[in-house]
Amino acid sequence: MNWLTNFVKPKIQALVSKKEVPDNLWHKCPSCGAMLFHRDLEEQLHVCQHCGHHMRLDPVRRLKTLFDPGYQTIELPKVLVDPLKFRDQKRYTDRLKEAQSKTGRQDAIVVAHGKINGQGAVAAVFDFNFMGGSMGMAVGEGLLAAARLAVLQQVPLIAIPSSGGARMQEAILSLMQMPRTVIAVEMVKEAGLPYIVVLTDPTTGGVTASFAMLGDIHIAEPGAQIGFAGARVIESTIRETLPEGFQRSEYLRDHGMVDMVVHRKELRETLGRVIDLLRRPGPTADIVKIGRGSDRGGRKPGGSGPAVSAIQGGAGYQ
């Protein structure tokens, strides 16, 4: 009886029972509603093959799509956890633990360095799944660490935000990260290095009001929401209907806030080309002395001496 119960019966049940199908094989496009097979979605870099909608991308996948093989992530500085002892519906420490368990990382930013199409770069990537990619002390320290690494390696810094803004649970300490991230950007620029921002969906709030709009070049993914306040808040404030496509990448490009809108598949090649152009040293010109009596720049009318013109070229960051 034991043999029939313990051996024969489980074998028969395994043959006739319906196998469970994993529930994560298909994903629904939030834009057009099409059902997308998970392997096809991975191959398309999480872009809908029907409508072209760019879905949010995990930082690890993002780094793999941008960097050449061999890139490395760095360990970020530790910060105080919940110095304000904040609590709303939950303790802030509990929210942090949930986000860390969900994403497998300590906070909402990942910093990596490597090569993009053969060009050295440091990238700071946000994770929207970690408390909406909100900017707290850890994110501020992460961006400063990325800036220091870029200056140390003498390579461009690329910021890839995906954030709802400042982290409310850290209150004023979160708002203080806005000037701190601006300082990080200035460190890179003072070193004569390019600072490039890749705007993804969404980039809003204090992130937009600080480092995200200070780039030498602004690149955006198609359809990304980019702005400070939400559209509904703006409409209720000014009591007017906003134009179609307001706060989207294409609208901002047409109005001069974004330099280019680039499909995710073309982002690595585009970044490599932009870095190459910005880093390529240009030919320098000789100092030219202009003699007396020259109409073009010698003695100006009423002047008392010859003008000396010194032109030193340099098409790119030195």
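Further up the page is the structure itself.
Residues numbered from 1 in each chain as written. Predicted model: local features only at pLDDT ≥ 70, side-chain atom pairs only at ≥ 80, totals over all residues. Heavy atoms only, no water.

**Some thoughts on the pattern of salt bridges**
- Within the structure shown, the criterion is met by 15 salt bridges.
- The salt bridge partner of Asp201 is Arg248, with a shortest N-O separation of 3.7 Å. Highlighted residues: Asp201 in the loop between strand E7 (195–199) and helix H8 (205–208) and Arg248 in the loop between helix H9 (231–238) and helix H10 (249–254), separated in sequence by 47 residues.
- Taking the relative accessible area as the measure of exposure, Asp201 reaches 17% and is therefore buried.
- Through salt bridges with shared partners, a single network forms among Arg56, Asp201 and Arg248. (Salt bridge = Lys/Arg side-chain N within 4 Å of Asp/Glu carboxyl O. Helix = DSSP H or I, 4+ residues; strand = E, 2+ residues; numbered from the N terminus. Buried < 20%, exposed > 50% of the residue type's maximum accessible area, 1.4 Å probe, protein only.)

**Concerning a nonpolar patch on the surface**
- Side chains of Ile172, Leu175 and Met176 sit close together on the surface and give an oily, nonpolar patch of about 280 Å² of accessible area.
- Topologically, Ile172 is positioned in helix H6 (residues 171–175).
- Ile172 sits in the exposed class, given a relative accessible area of 51%. (Patch = residues over 30% accessible without salt bridge, like charges linked within 9 Å, V, L, I, M, F, W, Y side chains within 5 Å. Areas by Shrake-Rupley, 256 points an atom, 1.4 Å probe, with all protein chains shown as cover.)

**What to know about the sheet that holds strand E3 (residues 72–73)**
- Strand order in this open sheet of seven strands is E3-E4-E5-E6-E7-E8-E9, and the pairing throughout is mixed. Strands with a single pairing partner mark the edges of an open sheet, and in this sheet they are E3 and strand E9 (260–261).
- On top of the sheet, helix H5 (residues 137–153) reaches strand E4 (109–116), strand E5 (119–126) and strand E6 (157–160); it is set at about 20° to E4, its chief contact. (Pairing = 2+ DSSP bridges. Contact = heavy atoms within 4.5 Å. Axes fitted to C-alpha atoms, helices over the stretch in contact; angles between N-to-C directions.)

**A few points about the layout of surface pockets**
- Size it by volume and the largest pocket reaches roughly 530 Å³.
- Within the residue set of the lining of the largest pocket, elements represented by two or more residues are helix H4 (92–103), E4 and H5.
- The element that contributes the greatest number of residues to the lining of the largest pocket is H4, accounting for five residues.
- When the residues that make up the lining of the largest pocket are grouped by side-chain class, the tally is 13 nonpolar, four polar and seven charged.
- Approximately 280 Å³ is the volume found for the second largest pocket.
- For the second largest pocket, the lining is made up of 19 residues, of which Met55, Arg56, Leu57, Phe128 and Asp201 are closest to its centre.
- Residue classes in the lining of the second largest pocket are distributed as seven nonpolar, five polar and seven charged. (1 Å grid on protein atoms, 1.4 Å probe; cavity = no way out; pocket = protein on both sides within 12 Å on 5 of 7 lines; lining within 4 Å. Points joined across faces, edges and corners; volume = space filled by probe spheres on them. Nonpolar A, V, L, I, M, F, W, Y, C, P; charged D, E, K, R; others polar.)

**What to know about empty space enclosed by the protein**
- Enumeration according to the criterion identifies one cavity of 30 Å³ or more in this entry.
- Estimated volume of the largest cavity: approximately 30 Å³.
- Taken together, Leu36, Phe37, Asp40, Leu41, Gln44, Val47 and Gln49 make up the lining of the largest cavity.
- Those elements giving two or more residues to the lining of the largest cavity turn out to be strand E2 (35–37) and helix H2 (38–43).

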